[in-house]
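# Close look at the chain arrangement
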Amino acid sequence: MMFELSAVKFKDILLIDYLTIEAQSITAVVGSSGGGKTTFLKLFNNMNSADQGDVFYKNRKINYYDPVKLRREVTMLPQNPVVFPGSLADNFSLIEKLTDHKLSSFTKYKKLLSKVDLNYKLDRAAADLSGGEKQRLALARVMLLDPEVLLLDEPSSALDSLTEQKIIEVVVNYVKNKAKTLLMVTHSTRLANDYADQIITIEDGKIKENK
Amino acid sequence: MERQIINLQLTQLIFAYLFVFILLVIVKKKQIGQEKQIIIASLRMTLQLIIIGFILEYVFNNQNPLFSLAILILMEIFAVHNIYSRTEVELQHDMRKIIAVSMFLGTLLSLAYFIFIVVQLKPWFRADYFIPLAGMLIGNSMTGISLGINHLLTGISDKQQLIENYLMLGVEPEKSIAEITQQAFYNAILPTINSMLGMGIVFLPGMMTGQILAGASPLIAIKYQIAIMLGILGSVTLTVFFLIKYGAKTFFNSEKQLKL
């Protein structure tokens, strides 16, 4: 088991009796907006700490882990990711430097860009990308870091339906091929039904359905 | 020609108030307002300087380490209070503590070095040197910290989303705000650097002017001015360094989450 939540309460936003997430599984989190999905996702990388109850990661309480080390294993892509100043290559190299990773080759950066359907030169300014392109760059940045668990908050919210399908397939293939665990908030029940092993519906801060 | 101090007579001093009168006339005519503020500021300045004049006269004539230390501590307390009131947002308790500790530590270390190593003041508490030197170090460090803390606070509040992005990717909190802290440090020491650049060309600094008016040779005055400028640079650097090193940590909790 990768995660276990027991009697978790976070402010007046979330109340979860019990929940488990299996390792190497794909979990979709759905529900109406404002229901607490992002807050819920942040419990898994300790960006939010439960006021009551316990969150376990690999059978240890989450606060047993150093938060930074935990976030390098359980990496989150927020709904509105920020691209860093500089070029596309800078966006990759900066995060590698800041997270003490060895610098990868430009070929690897290029490969990642093409994976998320960004066929631009590496020296292109990141600020010039459209909203959807920035989201894909941020996704490629997470894949570069190669974490064990990916927490993706609406990773395709700024994409048209064709690109959305394509990008989600890229993510799902990446997760399956590399035996990762994925928790993904999505507005699309279709995507959830097509790809997820487990679907959690959150409404008003509570789990309405878990199947 | 022998240089002597020209002692201003009361009547001469009264002539100087003509400048306030001119300001009041302009402000009134242009309907800018603030006449009351200008009068209060002029009166406060006069009263405060009269009081400090008598206090310093007494302290200089009755040299005592306790007097020098008491005035030093008073200056520190006023400076810290001034920083609190000049900060644009409400400061948290632990940040207030860090500001006070940084001010005391940075200025006292620099002052001790300046008094014992540079000037080699004997006795070390000689008030006519000790108090003005301490005042200059504390005053400039106060400005430095005020600039540094304001930049730090606005920087973190404006870039909250970017910082959280960094944290989610597994970046250490300190590194996630490195750009902001570097800029805050630079902003804090910039006035001192600018003042060094313009010194002697754009303006004659206060301490040097004072010594020259008091009859000292300009060659002696510049030596003191150079030394005190370097002392100020050291004091501002140290206080702002302590502020940023320890203050930056107060923006994160024990779970390395950004708390705003």
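Keep in mind that what you see is a predicted model, and the values were worked out from it rather than measured.

Analysis parameters
Residues numbered from 1 in each chain as written. Chains lettered and ligands numbered in written order. Predicted model: local features only at pLDDT ≥ 70, side-chain atom pairs only at ≥ 80, totals over all residues. Heavy atoms only, no water. Helix = DSSP H or I, 4+ residues; strand = E, 2+ residues; numbered from the N terminus. Contact = heavy atoms within 4.5 Å. Lys, Arg positive; Asp, Glu negative; His and termini not counted. Charge placed at Lys NZ, Arg CZ, Asp CG, Glu CD. Axes fitted to C-alpha atoms, helices over the stretch in contact; angles between N-to-C directions. Parallel < 35°, antiparallel > 145°, perpendicular 65-115°, else oblique. Nonpolar A, V, L, I, M, F, W, Y, C, P; charged D, E, K, R; others polar. Buried < 20%, exposed > 50% of the residue type's maximum accessible area, 1.4 Å probe, protein only. Salt bridge = Lys/Arg side-chain N within 4 Å of Asp/Glu carboxyl O. Expected span 1.5 Å × (residues − 1). Pairing = 2+ DSSP bridges. UniProt positions renumbered as here; feature names shortened; annotations may be inferred. Patch = residues over 30% accessible without salt bridge, like charges linked within 9 Å, V, L, I, M, F, W, Y side chains within 5 Å. Areas by Shrake-Rupley, 256 points an atom, 1.4 Å probe, with all protein chains shown as cover.

## Focus: the overall build of chain B
Along chain B, the regular secondary structure elements total 11 helices and 0 strands. Taking all contacts inside chain B whose residues are at least 6 apart in sequence as the whole, residues at least 24 apart take part in 73%. Positive and negative charge centroids in chain B, built from 18 and 14 side chains respectively, lie 6 Å apart.

## Notes on the packing of helix α3 (residues 35-61) of chain B against helix α6 (residues 127-158) of chain B
Residues and elements named next belong to chain B. Two numbers describe how α3 lies on α6: the axes approach to 9 Å, and their chain directions differ by 135°. With respect to each other, α3 and α6 are oriented oblique. Two secondary-structure elements touch here, α3 through L56, V59 and F60 and α6 through A127, D128 and I131. Grouping the amino acids of the contact of α3 with α6 by side-chain chemistry returns 5 nonpolar, no polar and 1 charged.

## Examining the environment of R60(A)
Residue and element names in this part refer to chain A. Within the element layout of this structure, R60 appears in strand β5 (residues 60-61). Given a relative accessible area of 41%, R60 falls into the partly exposed group. Distance in space between the C-alpha atoms of R60 and M2 is 9.9 Å, their sequence separation being 58 residues. In contact with R60, not counting residues within four places along its chain, are V55 and Y65.

## Some thoughts on the environment of F185(B)
All names here are of chain B. Among the structural elements, F185 can be located in helix α9 (residues 178-198). Taking the relative accessible area as the measure of exposure, F185 reaches 24% and is therefore partly exposed. Along the chain, F185 and L243 lie 58 residues apart, while their C-alpha atoms are 9.3 Å from each other.

## A closer look at the pattern of salt bridges
Using the criterion set out here, one finds 16 salt bridges over all chains in the structure. Where E73(A) meets K58(A), a salt bridge forms, and the shortest distance between an N and an O atom there is 3.3 Å. On the criterion of sequence distance, the pair formed by E73(A) in helix α2 (residues 67-73) and K58(A) in the loop between β4 (52-57) and β5 is long-range, its members being 15 residues apart. According to the relative accessible area criterion, K58(A) is partly exposed, its value standing at 31%. Notably, a salt bridge pairs K159(B) with E179(B), separated by 3.6 Å at the nearest N-O pair. Separated by 20 residues along the polypeptide, K159(B) in the loop between α6 and α7 (160-168) and E179(B) in helix α9 bring together distant segments of the chain. By relative accessible area, which is 35% here, K159(B) ends up partly exposed. Since its relative accessible area comes to 47%, E179(B) is described here as partly exposed.

## Focus: helix α5 (residues 93-119) of chain B
Residues and elements named next belong to chain B. Taking 1.5 Å per residue, 27 residues should reach 39 Å; α5 reaches 37 Å between its end C-alpha atoms and fits that length. Every buried residue belonging to α5 is among M95, I98, I99, A100, S102, M103, G106, T107, S110, L111, F114 and I115, and all of these are buried. Buried-residue contacts for α5 involve α4 (65-86), α6 and α11 (218-247). Looking one or two residues beyond α5, the residue adopting positive phi is Q120, at roughly 50°.

## What to know about the sheet that holds β5(A)
Residues and elements named next belong to chain A. Reading across from one edge, β2-β1-β4-β5 is the order of the 4 strands in this open sheet, with antiparallel pairing throughout. Edge strands, defined here as strands with exactly one partner in the open sheet, are β2 (14-21) and β5. When β4 meets β5, the two strands line up antiparallel, connected through 2 bridges. Note that in β5 the partner of Y57 across the bridge is R60.

## Details of the UniProt feature "transmembrane region" (unreviewed entry) in chain B
Residue and element names in this part refer to chain B. According to UniProt, the feature "transmembrane region" (unreviewed entry) maps to residues 6-26, 38-60, 66-85, 97-117, 129-153, 184-204 and 224-244 in the numbering used here. For residues 184-204, the helix share is 71%, the strand share is 0%, and the end-to-end C-alpha distance is 28 Å. Counting secondary structure, residues 224-244 comes out at 100% helix and 0% strand; the distance between its end C-alpha atoms is 30 Å.

## Details of a nonpolar patch on the surface
All names here are of chain B. Among the surface-exposed residues, L18, F19, F21, I22, V25, I26 and I32 lie close enough to one another that they form a single nonpolar patch of about 720 Å² accessible area. Examined against the element boundaries, F21 turns out to sit in helix α2 (residues 18-29). In this structure F21 comes out as exposed when scored by relative accessible area, which is 52%.

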